[in-house]
Amino acid sequence: MQNKGAVLTFAILLAAVCLYQLSFTWVSNKVKDDAIEYAQGDEIKEFQYLDSMKSEVVYNFLGLKKFTYKDVQELELNLGLDLKGGMNVTLQVEVQDIIRAMSNYSDDETFNAALALATKNQQNSTKDFVALFGEAFEEIDPNAKLASVFNTLELRDQINFNTSNADVLKIIDEQTKAGIANAFNIIRTRIDRFGVAQPNIQNLQTSGRILVELPGVKDQNRVRSLLQGTANLEFWETYENQEVYPYLAQANERIKELEVLKQEKSGDEATAETTEAETTADESEENSLLSELEAGAADDTTATLDNLAAYKEQFPLFALLNPSADQQTGQFYPGPAVGIANAKDTAKINSYLNNPQIKSVFPRDLKFAWTAKSMDEAGNFYRLIALKVTTRDGKAPLDGGVITDARQDFDQFGTNPEVAMQMNAEGAKVWQRMTKENVGKSIAIVLDGYVRSFPNVNGEIPGGRSSISGLESIEEAQDLANVLKSGKMPAPARIIQEDIVGPSLGQKAINSGLLSFVIAFALVLVYMLFFYSKNAGLAANIALVANMFFIFGILASLGAVLTLPGIAGIVLTIGMSVDANVLIYERIQEEMRAGKGVKLAIADGYKNAYSAIIDGQVTTLLTGIVLYLFGSGPIKGFATTLIIGILTSLFSAIFLTRLIFEWQLKKGGRILFASTATEGWLRNMKIKFLEKRKMFYVISGVFILISIGSFFVRGLDYGIDFKGGRSYIVEFQKDVEVGEVRAALADVFGAAPEVKTSGEDIKITTDYRIEDRSEDVDNEVEALLMKGLQDADLIDQSVTLEEFTQDYQQSSQKVGPTISDDIRKDAAIAIGFSLIIIFLYILVRFRDWQYGLGAVAALAHDSLIVLGIFSLLSGVLPFSLEIDQAFIAAILTVLGYSINDTVVVFDRIREYLGLHPKRDREENVDAALNSTLRRTFSTSLSTFVVLLAIFLFGGATIRGFTFALLVGVVVGTYSSLFIATPIAHDTRNRVAKVVAKRKK
């Protein structure tokens, strides 16, 4: 083996990197276990413990680098929402609202009709909304001018009455994109402050769509309000730091008094008895202190602790809120920042300042707000800003509605970044008064209750044009400009797709997923030892274990998310990775039967197997890439693990096993590649495949006709991914019938919903108010669901909506009509694109279009039969056979598996035709097919056994998914032998006959 040293070095380095990446997961889990032990079942205590650990160093890697718990969390292997519970939301920014605001809410009939038509057309189109609006405006009135609608005071610098419709649309497009970007920034800021570990917020390819994943959240009503609320931008006058400090000092004294009263009350209620345990604890403490004194270390320690305790007792507020003053001179810093606090202490400080007995100390026109941005890079410390209320109603004197423009700019020297801001006429008047009265002071810019900036006023600003300077970077200036723009264009985001998984269902998924993984893994290890003896089988198993380690390590290093379909992808990779070893071992045995020595047989066996291995794995890899590009959510997670698994299995099967054999040869040991029991299995077979091809054509034709007939008669059970709607998985505390649930909900929903069993739970699906885009519609539908079940006495009457969503509702899913259309299109594109790529790859590799045609025909055959079985058995089998995104992932995986098998067969046919050019072609094809039977049997059986383990033990949520794969493996194996090759053969013969006739 050449480059053995390089391969070994790479394997060691890869293992070291994987070990390093996975170590963060181990450390993170250890901290979480400590939190659980500390909390003793109290979720609030557990959260507080983990929150307090964020800035604490929990991992010192070899003394070289220290990591806080927050760092460790960011680097650990992420679990998907289906494994640990949480919320997955796709938001659509309402672009039509932005356009309405740009027109100053014009009542022009053509304009409003065009908006309505564009909104309707968007449901069946993937085009950008602005483009649809332009087309609709042109369709309604080709002679109408957009400039007449958008020639507003705010846009007069960009649009006049002579501006063409195309130019106006460009300006609208720019403004809407800015609004979408700003909506994304606002949502990200809100989520960052929500306190969720490892949130995922990203812009999707479709304009205006934002994906938000929040692991572990339980209060989905609060999250919906948080995500869908419009931005609240305000301008506040401020107090000076030195003006507020006396009040803070009084508040500190009041807090101290309240704490003393609390302790006295507690002392009266508690007896002064000293238990034996306390006495023992005191003695133990004394002994401990005595030991420290003897070591000469106790004086300083005790003094420090006593000083800290005394300071907290004397200054309970200032122990948490560090006053904004020079520690040495005692001079107060200028500005409205009155103190600095650690993020973990802000809640306690808020509780102090909001306590009515303490609040009475402060003037009525004083209110506090925290800064949105931390002072330090680690995000630990925040400033507390003193705001001044100057209006009778207690609201801000200016809000974001007065902003007409804001952009990042530079000062007169062109060096320092600043923000240029323009207000409308009404805002300009108020702004002039505010700046006149606050020269030398600050005005706070507050977004969603947090201070984004508090610039100093240098002088009175008339006309509404002003600039904000003193910014640290261009990025900060751009962010502030975006914040200011949020008041100009209301761009509410509405939930168009939502998945919620309760923590208990997530735990079930983890348990079932891990169980299926362990069982499948054990079965494959046993099978390889049984079929290929302890030598070759053990080498394959070592490579398999290393492969699993590499997969998890790479997932962690890439920051990928491990989902339940992802676990299925890994388990499937286990079965498919065996294929490379099987191909190699079978070729080695062929070389040994040809009379070659073990060393030469191993070398030639590996060399001759490379072509089939690469062709088979690359086609599956291409399918995985298509899945990744066109899939979303669980499909993308499945594709990620499948792609990584194929690459690592190639390295493990080809290089690691070769290293093991090289080591065994060096030791001089005997290497066996088959056990006594399996040595003769499927060897020297002489099946006449091509002779019987017409019989198999008839069998397949009958199955396809039955499938097509079932499509027309029974149809397919489309999931809400494809038809839109809401689904809820509900766990009842008593036995209920499906009919009872359906009847209970028929009245509240206006029509009976679709009700099915889902494992031990009930799945309820409805399209009730799915097109309603109001902010509270999701909460209202859940309330109706609960009411219907309560009225029928299926759940307790005293259950609140919050208790229902947390205790009964195991998961929920929502897919709006627009996004369901997109999912259907993406699925069709994914399947069609996969077939094209596979055809082209085979065409290039085999330089014969007949092979490509045979392969694609076999894939179409497999897809139709799997779909037909789903159509025939839907509602018959005791688990869901819905056609959804997971099913599309299954179909594409089946195609990948089938083409893998087919390509291996084609590769052997090509080899036999080259070795025996004078032999009859049909005889060569039959001999090639017979020679691959042993390999086909091993790969198919091992993959089938793996999938069967997932099907039986993997849980109800993926049972339909694995059933499709089980059927697909059987059908795919059949088609590679009895459909793909015969079609390629017959096509070639017909072409040859046509060419021969033309020559005559």
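Residues numbered from 1 in each chain as written. Predicted model: local features only at pLDDT ≥ 70, side-chain atom pairs only at ≥ 80, totals over all residues. Heavy atoms only, no water.

### Some words on the overall build of the protein chain
To keep things clear, this is the line we draw: Only runs of H or I of at least four residues qualify as helices and only runs of E of at least two qualify as strands under DSSP, and these elements are numbered from the N terminus. For each residue, the accessible area found with a 1.4 Å probe, counting protein chains only, is set against the maximum for its type, and the residue is called buried under 20%, exposed over 50%, and partly exposed in between. Contacts are residue-level and defined by heavy atoms, with any inter-residue pair within 4.5 Å sufficient.
Helix and strand counts for the protein chain come out as 32 helices and 23 strands. Expressed as a percentage of its 1000 residues, the buried residues of the protein chain come to 50%. Within the protein chain, contacts between residues at least 6 apart in sequence are counted, and of these 74% link residues at least 24 apart.

### Points about the environment of G134
Relative to the helices and strands, G134 resides in helix 7 (residues 129-140). Accessibility expressed as a relative area gives 13% for G134, which makes it buried. With 35 residues separating them in the primary sequence, G134 and L169 have C-alpha atoms 6.9 Å apart.

### Looking at the pattern of salt bridges
Here is the rule: Salt bridges are counted wherever a side-chain nitrogen of Lys or Arg sits within 4 Å of a carboxyl oxygen of Asp or Glu.
Evaluation of the coordinates by the stated rule reveals 27 salt bridges. Across the pair D778 and R726 runs a salt bridge whose closest N-O atoms are separated by 3.1 Å. Placement of the pair is D778 in helix 25 (residues 777-791) and R726 in strand 20 (residues 725-730), with a sequence separation of 52 residues. On the basis of relative accessible area, D778 is assigned to the buried category, the value being 3%. The shortest N-O distance in the salt bridge between R910 and D907 comes to 2.7 Å. Highlighted residues: R910 and D907, both in helix 29 (residues 885-915), separated by 3 residues, approximately one helical turn. Overall, the relative accessible area of 6% leaves D907 in the buried class.

### Here we look at a positive patch on the surface
We apply this condition: Every patch collects residues that have over 30% relative accessible area and no salt bridge, joining them within 9 Å if they carry like charges and within 5 Å if they are nonpolar side chains (Val, Leu, Ile, Met, Phe, Trp, Tyr). Only the protein chains shown count as covering a residue, and every accessible area follows the Shrake-Rupley method with a 1.4 Å probe. The sign given to each residue is positive for Lys and Arg and negative for Asp and Glu; His and the chain ends receive no count. Here the site of a charge means NZ on Lys, CZ on Arg, CG on Asp, or CD on Glu.
On the surface, a cluster of positive charge is contributed by K694, R990, K993 and K997. The greatest single-element share of the positive patch, amounting to 3 residues, is contributed by helix 32 (residues 959-999). Inspection of the secondary structure puts K694 in helix 22 (residues 693-713).

### A few points about the nonpolar core
Rules: Within this scheme, the nonpolar core is defined by two criteria: the residues are buried Ala, Val, Leu, Ile, Met, Phe, Trp, Tyr or Cys, and they are joined through side-chain atoms within 4.5 Å.
Y585 and F661 are the most contacted members of the largest nonpolar core, which totals 121 residues. Residue contributions to this core peak at 20 residues, all from helix 18 (residues 503-558). Counting 43 residues, the second largest nonpolar core, distinct from the first, contains V95, F111, A114 and I180.

### Observations regarding the sheet that holds strand 17 (residues 465-468)
Note the cut-off: Two strands form a pair only when DSSP identifies at least two bridges running between them. Whenever a helix is involved, its axis is fitted only over the stretch in contact; in every case the axis is a line through C-alpha atoms, and angles between N-to-C directions fall within 0 to 180 degrees.
A sheet is described by the order of its strands in space; here 3 strands give the open sequence 13-14-17, paired in antiparallel fashion. Among the strands making up the open sheet, the edge pair consists of strand 13 (403-410) and strand 17. The average undirected angle you get between the axes of adjacent strands in this sheet is 25°. Sheet topology places strand 14 (residues 417-423) next to strand 17; 4 bridges connect them, and they run antiparallel.

### Focus: the packing of helix 28 (residues 849-873) against helix 32
Let me state the cut-off plainly: Helix crossings are classified by the rotation of the near helix relative to the far one: an anticlockwise turn of less than a right angle makes the crossing left-handed, while a clockwise turn makes it right-handed. Each residue is assigned to one class: nonpolar for Ala, Val, Leu, Ile, Met, Phe, Trp, Tyr, Cys and Pro, charged for Asp, Glu, Lys and Arg, and polar for all the others, Gly among them.
For the pair helix 28 and helix 32, the least separation of the axes is 7 Å and the interaxial angle reads 145°. At the point where helix 28 passes helix 32, the crossing takes the right-handed sense. Here the residues of the contact of helix 28 with helix 32 are counted per class, giving 21 nonpolar, 8 polar and 2 charged.

### A short note on unusual backbone geometry
Although it is not a glycine, N104 sits at a positive phi angle of roughly 60°. Along the chain, the position of N104 falls in the loop between helix 5 (95-102) and helix 6 (109-122). Overall, N104 belongs to the partly exposed group, its relative accessible area being 41%.

### What to know about the confidence of the model for the protein chain
Segments scoring low in pLDDT should not have their predicted coordinates read at a detailed level. To be explicit about the condition: Each residue gets a pLDDT score, which is the predictor's confidence in that residue and runs from 0 to 100.
Chain-level statistics for the protein chain give a pLDDT mean of 81 and a share of 89% at 70 or above. In the predicted structure, residues 270-305 sits below a pLDDT of 50 and forms 8 contacts with residues beyond four places in sequence or in another chain.

### Observations regarding the pairing of strand 16 (residues 450-453)
Across 3 bridges, the pairing between strand 15 (residues 443-447) and strand 16 is antiparallel. Following the sheet pairing, L447 is matched in strand 16 by Y450.

### Quick word on the packing of aromatic side chains
Rule in force here: We call Phe, Tyr and Trp rings a pair once their centres come within 6.5 Å, taking the six-membered ring for Trp, and we label the pair stacked below 30 degrees between planes, edge-to-face above 60, and tilted otherwise. Placement of a charge over a ring requires the Lys NZ or Arg CZ to be within 6 Å of the ring centre, with the centre-to-atom vector within 35 degrees of the ring normal.
With the rule as written, the count across this model stands at 34 aromatic pairs. Geometrically, the ring pair formed by Y20 and F24 is edge-to-face, given 5.0 Å between the ring centres and 80° between the ring planes. Pair noted here: Y20 and F24 are both in helix 1 (residues 4-39), with a separation of 4 residues, about one helical turn. On the numbers, 5.9 Å between centres and 45° between planes, the contact of F870 with F963 is tilted. Taken as a pair, F870 in helix 28 and F963 in helix 32 lie far apart in primary sequence, 93 residues in all. Site record: aromatic cluster; members linked through ring pairs are Y527, F531, Y532, Y585, F661 and F937. Over the face of the ring belonging to Y606 we find R658, whose NZ or CZ atom lies 4.9 Å from the ring centre. Residue placement shows R959 over the ring face of F951; its charged tip is 5.8 Å from the ring centre.

### Describing the environment of F521
Here F521 is to be found in helix 18. Taking the C-alpha atoms as reference, F521 lies 7.1 Å from I574; in sequence the two are 53 residues apart. Apart from the residues within four sequence positions on either side, F521 is in contact with L544, V545, M548 and I574.

### Observations regarding a nonpolar patch on the surface
On the surface, F530, W681, L682, M685, F937 and L941 cluster together into a nonpolar patch covering about 460 Å² of accessible area. Tracing the backbone through its elements, the reader meets F937 in helix 31 (residues 933-953). Since its relative accessible area comes to 31%, F937 is described here as partly exposed.

### Quick word on the packing of helix 25 against helix 26 (residues 801-808)
Put simply, the rule is: Note on terminology: angles under 35 degrees are roughly parallel, angles over 145 are roughly antiparallel, angles of 65 to 115 are roughly perpendicular, and the others are oblique.
Interaxial distance between helix 25 and helix 26 falls to 10 Å at its minimum, and their mutual angle equals 80°. Classified by the angle their axes make, helix 25 and helix 26 are roughly perpendicular. Contacts from N779, E782, A783, L785, M786 and L789 in helix 25 reach L801, F804 and T805 in helix 26. Tallied by class, residues from the contact of helix 25 with helix 26 come to 6 nonpolar, 2 polar and 1 charged.

### With respect to the pairing of strand 14
Summarising burial for strand 14: 7 of the 7 residues are buried, a large majority. Residues of strand 14 alternate between two faces, with P417, V419, M421 and M423 on one and E418, A420 and Q422 on the opposite face, all of them buried. Two strands pair when backbone bridges link them, and strand 13 and strand 14 are joined in this way by 7 bridges, in the antiparallel orientation. Bridging from a neighbouring strand, A406 pairs with M421 of strand 14.

### So, helix 5
The element helix 5 is extensively covered by neighbouring structure, given that 6 of its 8 residues are classed as buried. With its phi angle positive at about 60°, N104 sits one or two positions after the end of helix 5.

### As for a negative patch on the surface
Negative charge collects at one region of the surface, where D793, D796, E802, E803 and D807 lie side by side. Its location among the elements puts D796 in the loop between helix 25 and helix 26. Classification of D796 as partly exposed rests on a relative accessible area of 41%.

### Overview of the side chain of N535
Along the polypeptide, N535 turns up in helix 18. Owing to a relative accessible area of 14%, N535 belongs among the buried residues under this scheme. The residues contacting N535, other than those within four sequence positions of it, are F661, Q664, R670, I671 and L672.

### Describing the environment of R224
The topology assignment puts R224 in helix 10 (residues 220-228). Along the chain, R224 and D776 lie 552 residues apart, while their C-alpha atoms are 8.1 Å from each other. Setting aside chain neighbours within four positions, we find R224 in contact with M87, I495, E498, I500, D778, N779 and E782.

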